[in-house]
Amino acid sequence: DVLLKIKWDKSAAPSVVAPVGDFFGSMWNPLRFRSAFFGLTNNTWVCSFPMPFSTEAEITLENQGINTVELEIEVLWEPMPARHASAGYFHAAWSGSLPEDAGTPHTVLDVKGRGKFVGCVIGTCSRDRDWRVQEGDEYMLVDGGAGPGWRGTALDHYFGMGRTFQGPVTRPFHGTVFRTFFGTVQYRLHATDAVR
């Protein structure tokens, strides 16, 4: 119930809006793991994505629940040379699908403008106790092309598990952090193959 919001350089709208646990790859339960850029170690969520800004960053934690939540935050930053005008800002968004959306593609991200898609965390849960929830082909439509600029063969392959989908398995750039009967939490980071 706690949302993380981040604004860069007095922007009108937040560039980051996501539930705290989901942002760090821990949906539903605290999941101890570490990827190249985020995870949970020693009861501390960690995120080390580069997040350049020119003059200021505003970080807000918004409790939308009814229970009191105790949180402690530590931000480590260091001055950089002047931010180049062409450098982008870090963005993160959350989206969800409901059972009544079954059979339709789940949109992970829908944005316009210049940028790079550098990864995602996806939690899946099949209410009909079927692993086919992992078998939908992932695809990315880029720059209004006639067809997908990226087309894969199923979520388990996209997250680097394929037929060895046993979980949990965590690697620097992909992994399945949580696996139970017909439910998963998986991540894929496009550090070396960002989609522009």
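Please read all numbers here as calculations on a predicted model, not as lab measurements.

Cut-offs and rules
- Residues numbered from 1 in each chain as written.
- Predicted model: local features only at pLDDT ≥ 70, side-chain atom pairs only at ≥ 80, totals over all residues.
- Heavy atoms only, no water.
- Pairing = 2+ DSSP bridges.
- Helix = DSSP H or I, 4+ residues; strand = E, 2+ residues; numbered from the N terminus.
- Contact = heavy atoms within 4.5 Å.
- Salt bridge = Lys/Arg side-chain N within 4 Å of Asp/Glu carboxyl O.
- Buried < 20%, exposed > 50% of the residue type's maximum accessible area, 1.4 Å probe, protein only.
- Disulfide = S-S within 2.5 Å.
- Phe/Tyr/Trp six-rings, centres within 6.5 Å; stacked < 30°, edge-to-face > 60°.
- 1 Å grid on protein atoms, 1.4 Å probe; cavity = no way out; pocket = protein on both sides within 12 Å on 5 of 7 lines; lining within 4 Å.
- Points joined across faces, edges and corners; volume = space filled by probe spheres on them.

1. Overview of the sheet that holds strand β4 (residues 38-41)
- One open sheet accounts for 3 strands, arranged β3-β4-β5; its pairing is antiparallel. Every other strand in the sheet has two partners, leaving β3 (33-34) and β5 (44-47) as the edge strands with one partner each.
- Bridge count for β3 against β4 is 2 bridges, and the pairing is antiparallel. In the sheet register, Phe33 faces β4, and the bridge partner there is Leu40.

2. What to know about the side chain of His190
- Summarising the element assignment, His190 is placed in the segment after β13 (183-189).
- Leave out the neighbours within four places in its chain, and His190 touches Phe117, Val118, Gly119, Met140, Trp150, Tyr158 and Val195.

3. Concerning the pattern of salt bridges
- Summed over all chains, the structure comprises 2 salt bridges.
- Lys5 is paired through a salt bridge with Glu62; the nearest N and O atoms lie 2.9 Å apart. You can see Lys5 sitting in strand β1 (residues 2-8) and its partner Glu62 sitting in strand β6 (residues 57-63), a full 57 residues away along the chain.
- Residue Lys5 is classed as partly exposed on the basis of its relative accessible area of 23%.
- Under the relative-accessibility criterion, Glu62 is labelled partly exposed at 27%.
- We note a salt bridge from Arg188 to Asp193, for which the minimum N-O separation is 3.0 Å.
- Classification of Asp193 by relative accessible area gives partly exposed; the value is 28%.

4. A look at the state of the cysteines
- Per the counting criterion, the structure on display carries 0 disulfides.
- Cysteine Cys47 shares no disulfide, and the gap to the nearest cysteine sulfur, in Cys120, comes to 15 Å.

5. Digging into the side chain of Asp22
- Looking at the element boundaries, Asp22 is found in helix α1 (residues 20-23).
- With residues near it in sequence (within four places) discarded, Asp22 still touches Met27 and Trp94.

6. Describing unusual backbone geometry
- Despite not being glycine, Lys10 has its phi angle at roughly 60°, a positive value.
- Following the sequence through the fold, Lys10 ends up in the loop between β1 and β2 (16-19).
- The exposure class of Lys10 is exposed, given its relative accessible area of 66%.
- Even without a glycine there, the phi angle at Asn42 is positive, about 50°.

7. Brief notes about the packing of aromatic side chains
- Scanning all chains against the criterion turns up 11 aromatic pairs.
- Between the aromatic rings of Phe24 and Trp45, the centroid separation amounts to 5.6 Å while the plane-to-plane angle is 5°, which identifies the pairing as stacked. With a gap of 21 residues between them, Phe24 in the loop between α1 and β3 and Trp45 in strand β5 connect regions that are remote in the sequence.
- Classification of Phe24 as buried rests on a relative accessible area of 12%.
- Look at Trp45 and you get partly exposed, because its relative accessible area is 32%.
- Ring pairing ties together the aromatic residues Phe23, Phe24, Phe33, Phe37, Phe38, Trp45, Phe49, Phe90 and Tyr187, which thus form one cluster.

8. Things to note about the layout of surface pockets
- Each pocket or cavity is described by its volume, and for the second largest pocket that value is around 1600 Å³.
- Forming the boundary of the second largest pocket are 46 residues, of which Phe24, Cys47, Ile73, Glu74 and Val75 lie nearest the centre.

9. Quick look at the sheet that holds strand β8 (residues 119-125)
- Read across the open sheet, the 4 strands follow the order β8-β13-β12-β11; overall the sheet is antiparallel. Every interior strand has two partners, whereas the edge strands, β8 and β11 (169-170), have only one.
- The pairing of β8 with β13 spans 7 bridges and is antiparallel. Bridge assignment links Thr124 to a residue of β13, and that residue is Thr184.

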